Structures are given as C-alpha cells and as structure tokens.
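Commentary on secondary and tertiary structure
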Amino acid sequence: MDLTALRSHNDRAVLRLVRSGALSRASLAAETGLTPQAISKIVARLMSAGLLEETGAVRDGGRGKPRMSLRLAPGGAYAYGAYVDRDELRVVRLDLTGEVVSASVVPLPPMFTPADVLDALAPLVEAGDEVLGLGIGIAGPLEHRGGVVSPNGLPGWSSVPLKALAEKRLGLPVAVDKDTNAGVLAEAWRRPLQDAALVFVGTGLGVGLLLGGEVYRGARSGAGEFGHTTIQLDGPLCVCGRRGCVEAVHAASTGVEAARVLAAAVTNLVQLLDLDQIVLSGRKVLESPDLYLRAMPDVDVSVTSYGPDLVPVGAGLLVLGELF
Ligand SMILES: [Zn+2]
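Residues numbered from 1 in each chain as written. Predicted model: local features only at pLDDT ≥ 70, side-chain atom pairs only at ≥ 80, totals over all residues. Heavy atoms only, no water.

This is how it is decided: UniProt positions are given in the numbering used here, feature names are shortened, and annotations may be inferred rather than shown by experiment.
An unreviewed UniProt entry lists the protein chain under the name Sugar kinase of the NBD/HSP70 family, may contain an N-terminal HTH domain, with Lentzea albidocapillata given as the organism. What UniProt states about the protein chain under its Sequence similarities (unreviewed entry) heading is, verbatim, "Belongs to the ROK (NagC/XylR) family."

So, in structure tokens, the structure goes:
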C-alpha cells in the first residue's frame, strides 16, 4: 500500500482525532483549526484510501442538517508485529484501529540464527495492498533506526542487520525496536501515559521508558537496559558477561524474594526519573501478578492488559503508528 501521499501532518492530525472518537467534518474543522473546505478534501482523500468511513447521521446542535459522523475503517490498513523472544516467535496482525485480528506463536530452536527467525516469520506474514509493514521487537542492545541488533542472551547474534534482512526476505517495510520500547508504545496506545516505565520480566528483564509522553531511547538506542544495572556486587554471572545485574539476581531468586529484588530496582528507577506510572509485564509477572504488585513502591502500578501479545502489538504499532 502506498501511503506516502497520505502522510502529511494534517492527514495524521485528522486520523488521530477520529481515533479518539467518532467525529463529524464540522468538529474536525473546529478541532484542527483548518477550514471546512480543507477538512472535506482531507476526509475525501482518507475515505478513498479506505482509511475512514461514515458511520451515519448524528445531530450535534439540533438545528440544520444532520451531520455524518466518521470513524476509522478497521480493514483499511493492516500491520504485522513480531516478538523474537529467546525461545519463541509471536506474530500478530493488527487492523487500523490497533486491534489484533490474528495471532500465532511458534517455538524457536535452541541457539537459533537470524535465518531461523526469517524462516519462521515468512509463512506468518503476508504482504498485500493494505499491509503497511512489519515491526519487530527484540532484546537489546540494538540500533533502532538502522535495525541492527546484538541482543543479549542470543549467542552468535552480533551486529545483525535484521531490518534489511527481513525487508529483503518478506518484501515489506520493516521497523525494529527493543521489545520493551514496543511494550511501552502498546501501553500508551490504550491510555494516556506521560512519565512511565513498562517493566518487562520475561526470559530477560528490561524497561521501556516514556518520558514527557515520548518513548525515550537515549543516545544510542540503549536506554532501558535496566536488567543490566548492577544491584549486587560479585553477584551471579549474567548473560551480558557482568556480575550481579538485576536480571541475574532476579533469575537466581524465587517467589517473594524475586519480587523484592525487582521492587528494589524499580524503586531506584522511580527515584531517578520521578515516574508516576509503572506497568508490569512479561511472562514471569503474568505467572504471579499479585506477588509482584504487592512488592512494588507506592506509585500507580498496574499489570499490562495485553497479556502475552504486549510486545508483538507494540511492534506492529511501530508501523501502524506512522499514520497517526
Ligand atoms: Zn547483565
């Protein structure tokens, strides 16, 4: 699907407003400050691209003609999102509203290679006119713009040009980001978040940071390697090669003690960045959410509402979100 013509600032503003609630052309004009004529043109263009549809007449004011209300056309565009975990691949297909229309999970072999991942992805991702592309979430470190990854915990993966490899194999635009950044994007898609951390405790441990409402990636896309900050000098050896990282100390603990290790580290993070919202996620947390919730510091703490689809949904939003 060629949407280059639709990516103007005003088109995105209209799609963003309609996503926040069905609106008439008149209220779009009022909200954007654009003239009714300009809004009519933009809406016509977005409707002919299949991205907007009319829902029916509404009377907002009581006088004059009823107005046609607009909404996103769910089938107008799709994006795929994938999560390359240390032992499995999860893929979702999102419609234009960000809802999951299909999901699959396949195991990845021990010591899997980039070629194994591409082989697993290929049958799950179908290119097509309405498909905008694929987003991939994977452990850091990685370089976000170029999509070059060297994930901790995946032996043999060093400076892999995952974006370029996947684009060549699948014939689609591909975006790559850290699993945790994808996760925090997904959370911010569902509800307003400003200064928040998505704490992800799965096969690895990390955070996605949202500061001032924007994903914070740092100078070299390295922000959020929270799992590899030291919490115990001379502690257990970590997959990153150092000792006593939060990830390694947490993995060496069980039950309440593991939750307390995570809570101590999260408290440091809240102190450092003055965060007001913490979202817990990842399969370890989903196994015993109450244990982790009880241990956390006194800020607004919740467990993700996406379950295991969090990272793949956020990865898909890396692509879909370009429209908004
Ligand atoms: Zn480490």
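Some details on the sheet that holds strand S14 (residues 214–215)
To be explicit about the condition: Here, a strand pair is defined by DSSP locating no fewer than two bridges between the strands. Numbering of helices and strands runs from the N terminus; a helix is a DSSP stretch of H or I covering at least four residues, while a strand is a stretch of E covering at least two.
The sheet built from five strands is open, its strands ordered S14-S13-S12-S15-S16 with mixed pairing. Two strands in the sheet have a free side with no partner beyond their single neighbour: S14 and strand S16 (300–303). When strand S12 (residues 196–201) meets strand S13 (residues 205–211), the two strands line up antiparallel, connected through six bridges. Each residue of the ladder has a partner; that of Val199, found in S13, is Val207.

Let's talk about the coordination of the zinc ion
Let me state the cut-off plainly: A 2.8 Å cut-off from the metal defines N, O and S donors, relaxed to 3.2 Å for Na, K and Ca; water is not in the atom list, so some sites may appear incomplete. Between 85 and 135 degrees for all angles marks four donors as tetrahedral; over 155 degrees for opposite donors together with 65 to 115 for all other angles marks four donors as square planar and six as octahedral; every other arrangement is irregular.
Those donors, His228 (ND1), Cys238 (SG), Cys240 (SG) and Cys245 (SG), are the protein atoms that reach the zinc ion, and they lie 2.1 to 2.4 Å from it. What the four donor atoms of the zinc ion show is an angle range of 100 to 124 degrees at the metal, which sorts the shape as tetrahedral.

A few points about the domain arrangement of the protein chain
Basically, it comes down to this: Domain extents, as shown, originate in an automatic or database domain assignment. Contact criterion: two residues are considered in contact whenever any of their non-hydrogen atoms come within 4.5 Å of each other. When two components associate, each loses some accessible surface as probed by a 1.4 Å sphere; the sum of these losses over both components is called the buried area. Salt bridge, as used here: a side-chain nitrogen of Lys or Arg that lies within 4 Å of a carboxyl oxygen of Asp or Glu. The definition of a polar contact used here is a pair of N or O atoms within 3.5 Å, where within protein one atom must be able to donate a hydrogen and the other to accept one, and adjacent residues in sequence count solely through side-chain atom pairs. As a working rule, the residues Ala, Val, Leu, Ile, Met, Phe, Trp, Tyr, Cys and Pro are called nonpolar, Asp, Glu, Lys and Arg charged, and the rest polar, with Gly in that last group.
Each domain of the protein chain was delimited in the assignment, giving domain 1 (4–72), domain 2 (77–182 + 311–323) and domain 3 (189–305). Counting residues at the interface gives 23 residues for domain 2 and 23 residues for domain 3. Together, the buried faces of domain 2 and domain 3 total about 1600 Å²; carbon and sulfur atoms form 46% of this surface. At the boundary of domain 2 and domain 3, one finds six salt bridges. Arg86 serves as the salt-bridge partner of Glu247, at 3.3 Å between the closest nitrogen and oxygen. Our count for the contact surface shared by domain 2 and domain 3 stands at 13 residue pairs in polar contact (both at pLDDT 80 or more). When residues of the side of domain 2 that touches domain 3 are traced back to their parent elements, those giving at least two are strand S8 (142–143), strand S11 (174–178), helix H6 (179–190) and helix H11 (310–320). Each residue belonging to the side of domain 2 that touches domain 3 can be placed in one class, and the counts come to seven nonpolar, eight polar and eight charged.

Quick notes on the side chain of Asp177
Heads up, the condition is: Working definition: with a 1.4 Å probe on protein chains only, accessible area under 20% of the residue-type maximum means buried, over 50% means exposed, and in between means partly exposed.
Inspection of the secondary structure puts Asp177 in strand S11. In this structure Asp177 comes out as buried when scored by relative accessible area, which is 1%. At 2.6 Å, the side chain of Asp177 and the side chain of Arg217 are in polar contact. In this structure Asp177 touches Ile136, Gly137, Ile138, Leu142, His144, Arg217 and Leu318, once residues within four positions along its chain are discounted.

Points about helix H1 (residues 9–19)
For H1, the full list of buried residues reads Asp11, Ala13, Val14, Leu15, Leu17 and Val18. Backbone geometry just after H1 places Gly21 at a positive phi near 160 degrees.

A look at the pairing of strand S7 (residues 131–138)
For S7, the buried fraction is high: eight of the eight residues fall into the buried class. Where strand S4 (residues 78–84) and S7 come together, six bridges link them in parallel fashion. The residue of S7 that forms the bridge with Ala82 is Ile136.

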